[in-house]
Structure formats: structure tokens, C-alpha cells
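# Coordinate inspection notes
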Amino acid sequence: MTDAKLEIQMLHDRVMVRIAAESGERRSSGGIVIPATAQMAKRLIWGEVFGVGSHVRTVKVGDQVLFNPDEQFEVEVQGQAYLVMRERDLHAVATEQTEQGTGLYL
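Just so you know, the residues in each chain are numbered from 1, in the order the chain's sequence is written. At least 70 in pLDDT is required for a residue's local features to be given in this predicted model, at least 80 for side-chain atom pairs to be given and counted, and no such filter applies to totals for whole chains, interfaces and linings, which use all residues. Side-chain measures were taken over the full set of non-hydrogen atoms in the model, leaving aside hydrogen atoms and water.

In the annotation of an unreviewed UniProt entry, the protein is listed under the name 10 kDa chaperonin and assigned to Saccharopolyspora terrae. UniProt positions are given in the numbering used here, feature names are shortened, and annotations may be inferred rather than shown by experiment. What UniProt records for the protein under Subunit (unreviewed entry) is the sentence "Heptamer of 7 subunits arranged in a ring."

Structure below.
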């Protein structure tokens, strides 16, 4: 048996996201360090899209997406953690080309 590498293909409306490194500990505008474990309210986080299924219509690989990390499925690939979710679980997309943007930029 050979050790052939198998490419991962997301199915249907699934999106594979890697959480952005800065999604953990953060600083307030006054410079106070807020640990990642602090719970103030449900917090949405940004992540980078690494894979999309064939039925995903609004995001593509490389886009930054905003989502709720709770209740998502986590998978580890080659030592790196990713989250898998449905496209409908995404709240926003940050991409270079938008038609109906907010005027805000990352």
C-alpha cells in the first residue's frame, strides 16, 4: 500500500475555516488585555476559508468570514485545527470584490 496523499473536498454547502490567529486574546481600545476565556457575550470571530463545497455560492477559498465558533465541528488536518460549518452559519464575508458592501474594511 502506498502512502498517497488524499485531497480533501468539502461536500454540498459545507465550508472549512481556519480561525484567525488574533481571535484569541485581544486588547480593548484602552489597552486592557482581554483573555480568550473571558465571556462577555456571544462573540463572533473571523476565520479564513480553506475549502468550500460545490453548493456554496457566496464565499470562496481565501475569503475572510465572520461566524459563531460555538456549536461548530472541529477537525484536525496535519496538526492544524479547522472548523467545518454550513454556509448559512456565516454572518459576513470580507473579500476584495463585493457588490453590496458595508463600507467597512478589515
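Having seen it, we continue.
In this section: the overall build of the protein. When its secondary structure is counted, the protein shows zero helices and eight strands. A helix here means a DSSP run of H or I that spans at least four residues, while a strand means a run of E at least two residues long, and both kinds are numbered starting from the N terminus. Listing each helix as α and each strand as β along the protein from the N terminus yields β-β-β-β-β-β-β-β. Buried means the residue's accessible area, taken with a 1.4 Å probe over protein chains only, is under 20% of the maximum for its type, while exposed means over 50%, and partly exposed covers the values in between. Looking at the protein as a whole, 25% of its 106 residues qualify as buried. Taking as baseline every contact in the protein between residues at least 6 positions apart, the subset at least 24 positions apart corresponds to 59%. Using the Shrake-Rupley algorithm and a 1.4 Å probe, accessible areas are obtained, with residue cover drawn only from the displayed protein chains. Split by element, the accessible area of the protein, about 8,600 Å² in all, is 50% carbon and sulfur. We call two residues contacting when some pair of their heavy atoms lies within 4.5 Å.

By the element assignment, Gln72 lies in the loop between β5 (64–67) and β6 (73–77). With relative accessibility at 17%, the residue Gln72 sits in the buried group. Pairing of N or O atoms within 3.5 Å defines a polar contact, subject to two protein rules: one partner must be a possible hydrogen donor and the other a possible acceptor, and residues neighboring in sequence count only if both atoms are side-chain atoms. In terms of polar contacts, Gln72 uses its side chain to reach the backbone carbonyl oxygen of Asn68, at 3.1 Å. In this view, Gln72 contacts Leu83, Val84, Met85 and Asp89; residues no more than four positions away in its chain are not counted.

With a phi close to 50 degrees, His12 is a non-glycine residue in the positive phi region. We classify His12 as partly exposed; its relative accessible area is 46%. In this model, Gln78 sits at a positive phi of 50 degrees, which is unusual for a non-glycine residue.

To continue, consider the nonpolar core. Take the buried residues of types Ala, Val, Leu, Ile, Met, Phe, Trp, Tyr and Cys, join any two whose side-chain atoms come within 4.5 Å, and each joined set is a nonpolar core. Listed in full, the 11 residues of the largest apolar core are Val15, Val17, Ile45, Val49, Val56, Val59, Val65, Phe67, Leu83, Met85 and Leu90. For this core, the secondary structure elements donating two or more residues are β1 (14–19), β4 (45–52), β5 and β7 (80–86). The contact partners of Leu90, leaving out residues within four places of it in the chain, are Val15, Val59, Val65, Leu66, Phe67 and Met85.

Let us now look at the environment of Met10. Mapping Met10 onto the fold places it in the segment before β1. For the pair Met10 and Gly53, spaced 43 residues apart in sequence, the C-alpha to C-alpha distance is 4.4 Å. For Met10, the residues in contact, after removing those within four places along its chain, are Val15, Met16, Gly51, Val52, Gly53, Ser54 and Val84.

Attention shifts here to the side chain of Glu87. In this structure, Glu87 sits in the loop between β7 and β8 (90–94). In contact with Glu87, other than residues within four places in its own chain, are Asp13, Val15, His55, Val56, Arg57, Thr58 and Val59.

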